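# Breakdown of the fold
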Number of protein chains: 2
Amino acid sequence: MHIILLSGGSGKRLWPLSNGARSKQFLKLLQNTVGEKESMVQRVLRQIGIALPSASVTIATSESQRDFIENQLGTAVDVVTEPERRDTFPAIALSASYLAMEKGVSPEEPVVVMPCDSYTGIEYFETIAAMTSFVERGVADLVLMGITPASPSTKFGYVVPEASSSCEAYRIVNRFTEKPDEENAKKLLEQGAFWNGGVFAFRLGYIMDIVNRYISAGTFAELRSRYAEFPKISFDYEVAEKAGSVAVVPYNGSWKDLGTWNTLVEELPVSAMGKVTLGSNVKETTVINELNIPLVCDGVDNLIVAASHDGILICGKDSAEQIKRYVDPLDSRPMFEERRWGIYRVLDDTYHADGSHSLTKSITLNPGKSISYQRHNHRSEVWTFVEGEGVLVINGEPRNVKVGETVAIPVGHLHTLKATTTLTFIEVQLGNPLVEEDIERFEWNWNSIDL
Amino acid sequence: MHIILLSGGSGKRLWPLSNGARSKQFLKLLQNTVGEKESMVQRVLRQIGIALPSASVTIATSESQRDFIENQLGTAVDVVTEPERRDTFPAIALSASYLAMEKGVSPEEPVVVMPCDSYTGIEYFETIAAMTSFVERGVADLVLMGITPASPSTKFGYVVPEASSSCEAYRIVNRFTEKPDEENAKKLLEQGAFWNGGVFAFRLGYIMDIVNRYISAGTFAELRSRYAEFPKISFDYEVAEKAGSVAVVPYNGSWKDLGTWNTLVEELPVSAMGKVTLGSNVKETTVINELNIPLVCDGVDNLIVAASHDGILICGKDSAEQIKRYVDPLDSRPMFEERRWGIYRVLDDTYHADGSHSLTKSITLNPGKSISYQRHNHRSEVWTFVEGEGVLVINGEPRNVKVGETVAIPVGHLHTLKATTTLTFIEVQLGNPLVEEDIERFEWNWNSIDL
């Protein structure tokens, strides 16, 4: 079995913890069975490893998430990134093409598409195994998971089975509906409809026939280079609603979309994370503090509090669904990023009265990791090393550096850095404009260095 | 008339805005008549200037507050600092001695002692003028202000007048009482008692007679050097309760002690200060954000929220009196300080895994200001200038510096810096231990420089 895990875009519903760089599925807020922090995507991978040990996993995502995935999941998964943002059909088509054209997976093999942020019990994966067996038996072109509704929610799309469909293990689907209003949601429940949980199973050949209608390419590389030819359309519209036959497999185990603060806080292992002091008069409140300063909270009830380098949220649980409208206008840059080589934090970002603009970062490279060989055309950088040892290259000249040293990198000078041990430095950028995009990357061969 | 304004110590009741370095009276949270931000001490000085224009003001305080006072009040006031922390009697005795011995004020002149953090109407100062006239008329050794109680509060000391005392403008005092319990507070109100607002008037000679009982010195400098000989006792115990005759002048105008969050927020001009977004469902809530990241607040009622570089407070108004017990155990260093030469902020303070300790600050010197000529025995510093121009001296060698330059100052090297224009630099400290106290100061004559 091949699983395509959809790792979606950045959202602000969990602001300030999620931001343009860090999507909610990478937040390490959950807890695994031995009490270690884990993210949503790590949890799903752990569950797949237990329930579906023979499944191969391909993550369909964007280039901006590659570093997070590598840091959190290592190399146990394949990663297929979209060359540009389109919609779920093109993203799934690309990963399916990767399986067919790059990995040589047979058209007869079952493929499962699933989101990476559903919070479920292990039974969920047993249902997925059942779905693939129905695909193998050919009961329908497309087999999807139907979540037994807990309430007439207006937040989900619904799947309506045939009235006459009587098989218990699966039902033939009559139709899909968009998110309904409350009255229609109640009617849907009377008709035995399910929530659409976004889990689909099909033969690889079935989806590749659709792919080939848009792009007929000889290689995966060619197909990827023509990615813009795919229409911007969701998988639900392009595939599910047009399928000749669709079956739904009911799932009535635990299932949650942890995409909002309210659903997330219910699953958090503790009510306070980080440097937090809760007073004696705190009720039904969750406080997460990622900052390095203390947070004191008392005399509050039913609140969600989250502080990160990007901002601070203080919100009654009843209002948490509405924060997006207040957060969307905030257009500050991400103040914290996780990269394949380590992490950085923005310590200070100031436009001075004399017209200069400076940005100060704390940057940590993990042992053995290096940044790209690069130059900037509009900014100088001063690096002061405050932890560890490494090798610095400026304009082709390598040298060892260690804690206590300072180096100035003028505008236009080529530079790269590799950590021998964990290597931390304070970077002061000065320039105009001062943007991440002011970077030109070049090749550098670390193997050529002999210090 | 001579006013001794008591500028008391640091407190944590207004944490995180007040800290070990920044006492509550220096927080610029209030607003003057033209809409500019002003602090409690600036407000009192402005009111004195209007109501008592001929009064001279001496501020009795500690050395740690001198920079704040100079920044906020300029040189319009005299500042007398205690060589060490004792209590209110020694502090007032020292300032009185300064008036008598250093400024040559006559023993017959009236002196008024008052706190700098009472939030009052201008009538308060008219009452002070009346008090000094009663001192001049000799109605009592000591004349104090009696605040007409608004309620049987248990938070104040009380002043009980003689039952037979019938003069309307002043009453003869029968006795003082400590903060009573509620039952006794009600009885005190029935007896016509006043709150003791801490405002005292007396002839300078009266207090100097008491001073001379403890320390008989020929000069103010000698007296100050023998400051430790004063007993650690409050003015109330040492002077007010022992006085042969005490009169109280009633004051029934507006009067508030802004020493707690609850009393302070009632007087703030707006409910949101700083980078704050309030949602549509925010009631009876005050949010102050001194950080440079956005704070979003919605769905809350009756809260006090304050965020500074020292920490974040989120507190129901009913619990605000109790925060001290949660804040006291927090022993982090002040992350923001105002000095006579400018300001600094701590951007990062990290103990690294390899044992090194680094501290990164943003430091701004105001034009024409300089730091002391100094050296550190346990830390190196790297300065990267990000705004303005100045003159740097290292080991006696002066040179011009400006935005874009970086200088490394090794352990033990003497250095000083003077701002030509507003001068900002990022400082990376590295050492062990990394404490403010690792500083030796030397003389430097800026006039000798000719660049």
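Residues numbered from 1 in each chain as written. Chains lettered and ligands numbered in written order. Predicted model: local features only at pLDDT ≥ 70, side-chain atom pairs only at ≥ 80, totals over all residues. Heavy atoms only, no water.

## Comments concerning the overall build of chain A
Applied cut-off: Runs of H or I in DSSP of at least four residues are treated as helices and runs of E of at least two as strands, each being numbered from the N terminus. Only C-alpha atoms enter the radius of gyration; for comparison, a globular chain is expected to reach 2.2 Å times N to the power 0.38, where N is the number of residues. Burial classification: accessible surface area is computed with a 1.4 Å probe over protein chains only, and a residue below 20% of its type maximum counts as buried, one above 50% as exposed, and the rest as partly exposed. In these tables, accessible area is a Shrake-Rupley quantity obtained with a 1.4 Å probe, and a residue counts as shielded only by the protein chains included in the view.
Counting its secondary structure elements, chain A contains ten helices and 32 strands. Relative to the 2.2 N^0.38 estimate, which gives 22 Å for 451 residues, the radius of gyration of chain A is 25 Å and therefore close to what a compact globule would have. When its C-alpha atoms are laid out on the principal axes, chain A stretches across 75 × 65 × 40 Å. Counting over 451 residues, chain A shows a buried share of 55%. Accessible area for chain A stands at about 18500 Å²; split by element, carbon and sulfur atoms hold 46% of it.

## Some thoughts on the pairing of strand β6 (residues 110-115) of chain B
Across a regular strand the side chains alternate sides, sitting on one face of the sheet and then on the other. Residues and elements named next belong to chain B. As a reminder of what qualifies: A pair of strands counts as paired when DSSP detects no fewer than two bridges linking them.
Of all six residues in β6, six are buried, a share of seventy percent or more. In β6, alternate side chains face the same way, and those of P110, V112 and M114 on one face and V111, V113 and P115 on the other are all buried. Relative to β6, strand β1 (residues 2-6) runs parallel, the two sharing five bridges. Looking across to β6, one finds that I4 is bridged to V113. The pairing of β6 with strand β11 (residues 194-203) spans four bridges and is classified as antiparallel. Bridging across to β11, V112 finds its partner in A201.

## With respect to the interface of chain B and chain A
Inclusion rule: When checking whether two residues touch, look at their non-hydrogen atoms; a contact exists if any pair is within 4.5 Å. Here's the idea: put two parts together, see how much 1.4 Å probe accessible area each one loses, and the total over both is what we call buried area. A side-chain nitrogen of Lys or Arg and a carboxyl oxygen of Asp or Glu constitute a salt bridge if their distance falls within 4 Å. Any pair of nitrogen or oxygen atoms within 3.5 Å is treated as a polar contact; in protein, a donor-acceptor pairing is required on top of that, and neighbouring residues in sequence qualify only through side-chain atoms on both sides. As a working rule, the residues Ala, Val, Leu, Ile, Met, Phe, Trp, Tyr, Cys and Pro are called nonpolar, Asp, Glu, Lys and Arg charged, and the rest polar, with Gly in that last group.
Contacts between chain B and chain A engage 57 residues on the former and 57 residues on the latter. Contact between chain B and chain A buries roughly 4300 Å² in total, counting both sides, with carbon and sulfur atoms accounting for 64%. Of all residues in chain B, V296, I314 and Y326 of chain B bury the most surface against chain A, accounting for 16% of the area lost on that side. Two residues, D348 of chain A and R345 of chain B, come together in a salt bridge whose shortest N-O distance is 2.8 Å. Counting every contact that joins chain B to chain A gives 28 residue pairs in polar contact (both at pLDDT 80 or more). Examining the composition of the side of chain B that touches chain A, we find that six residues originate from one element, strand β21 (residues 311-316) of chain B, more than from any other. Residue classes in the side of chain B that touches chain A are distributed as 28 nonpolar, 21 polar and eight charged. Where strand β21 (residues 311-316) of chain A meets strand β18 (residues 295-298) of chain B, four bridges bridge the pair, whose relative direction is parallel. Paired with C315 of chain A across the strands is D298 of chain B, a residue of β18 of chain B.

## Quick word on the relation of the copies chain B and chain A
Put simply, the test is: When the copies are superposed, the least-squares fit takes in the C-alpha atoms of residues with a pLDDT of at least 70 in both.
Mapping chain B onto chain A calls for a rotation angle of 180° and an axial translation of 0.0 Å; the resulting RMSD is 0.1 Å. Taken together, the rotation and translation relating the two chain copies correspond to the operation of a two-fold axis. Looking at the rotation axis and the C-alpha trace of chain B, the residue lying nearest is L347 of chain B, at 2.8 Å. The overlap is high: 100% of the interface residues of chain B also sit at the interface in chain A, so the same surface is used on both sides.

## Comments concerning the pairing of strand β29 (residues 406-409) of chain A
Residue and element names in this part refer to chain A. In β29, alternate side chains face the same way, and those of V407 and I409 are buried while those of T406 and A408 on the opposite face are not. As judged from the four bridges shared by strand β26 (residues 379-387) and β29, these two strands associate in the antiparallel manner. When the sheet's bridge partners are listed, T384 is paired in β29 with T406.

## Observations regarding helix α2 (residues 66-73) of chain B
Taken together, the buried positions of α2 of chain B are occupied by D67, F68, I69, Q72 and L73 of chain B. One or two positions beyond α2 of chain B, positive phi appears at G74 of chain B, with a value near 65°.

## Points about unusual backbone geometry
For the bond from W15 of chain B to P16 of chain B, the omega torsion is 5°, close enough to zero to count as cis. Mapping P16 of chain B onto the fold places it in the loop between β1 and β2 (30-31). The omega angle of the peptide bond from N432 of chain B to P433 of chain B is -5°, so this bond is cis rather than trans. By secondary structure assignment, the location of P433 of chain B is in the loop between β31 (423-431) and β32 (440-442). Look at E284 of chain A: it is not a glycine, yet its phi comes out positive at around 50°. Among the secondary structure elements, E284 of chain A is positioned in the loop between β16 (282-283) and β17 (286-289). Despite not being glycine, N395 of chain B shows a phi value in the positive range, around 50°.

## Overview of the side chain of H352 of chain A
Among the secondary structure elements, H352 of chain A is positioned in the loop between β23 (342-351) and β24 (357-365). Judged by its relative accessible area of 11%, H352 of chain A is buried. At 2.8 Å, the side chain of H352 of chain A and the side chain of S358 of chain A are in polar contact. Beyond its immediate sequence surroundings of up to four residues, H352 of chain A is in contact with H357 and S358 of chain A together with V386, E387 and T424 of chain B.

## Some points on the packing of aromatic side chains
Residue and element names in this part refer to chain A. As a reminder of what qualifies: Centre distance within 6.5 Å is the pairing criterion for rings of Phe, Tyr and Trp, where only the six-membered ring of Trp is used; planes under 30 degrees apart are then read as stacked, over 60 as edge-to-face, and the remainder as tilted. Only when the NZ of Lys or the CZ of Arg is both within 6 Å of the ring centre and within 35 degrees of the ring normal is a charge said to sit over the ring.
Counted under the stated rule, the structure contains 38 aromatic pairs over all chains. Note on Y124 and F125: the rings are 5.2 Å apart at their centroids and 80° apart in plane angle, and the pair reads as edge-to-face. The two residues Y124 and F125 agree in class, both being buried. An aromatic cluster is built from F89, Y214, Y227 and F230, whose rings are joined through pairwise contacts. Against the face of Y119 rests R43, its NZ or CZ located 3.8 Å from the ring centre.

## Thoughts on the pattern of salt bridges
Residues and elements named next belong to chain B. Enumeration according to the criterion identifies 43 salt bridges over all chains in this entry. With its nearest N and O atoms 2.7 Å apart, the salt bridge here joins D78 to K103. Of this pair, D78 sits in strand β5 (residues 78-82) while K103 sits in the loop between α3 (88-102) and β6; the two residues are 25 residues apart in sequence, bridging distant segments of the chain. Ionic pairing is found between E381 and R379, a salt bridge with its closest N-O pair at 2.9 Å. Overall, the relative accessible area of 2% leaves E381 in the buried class.

As far as function goes, none of this settles anything; it's purely spatial.
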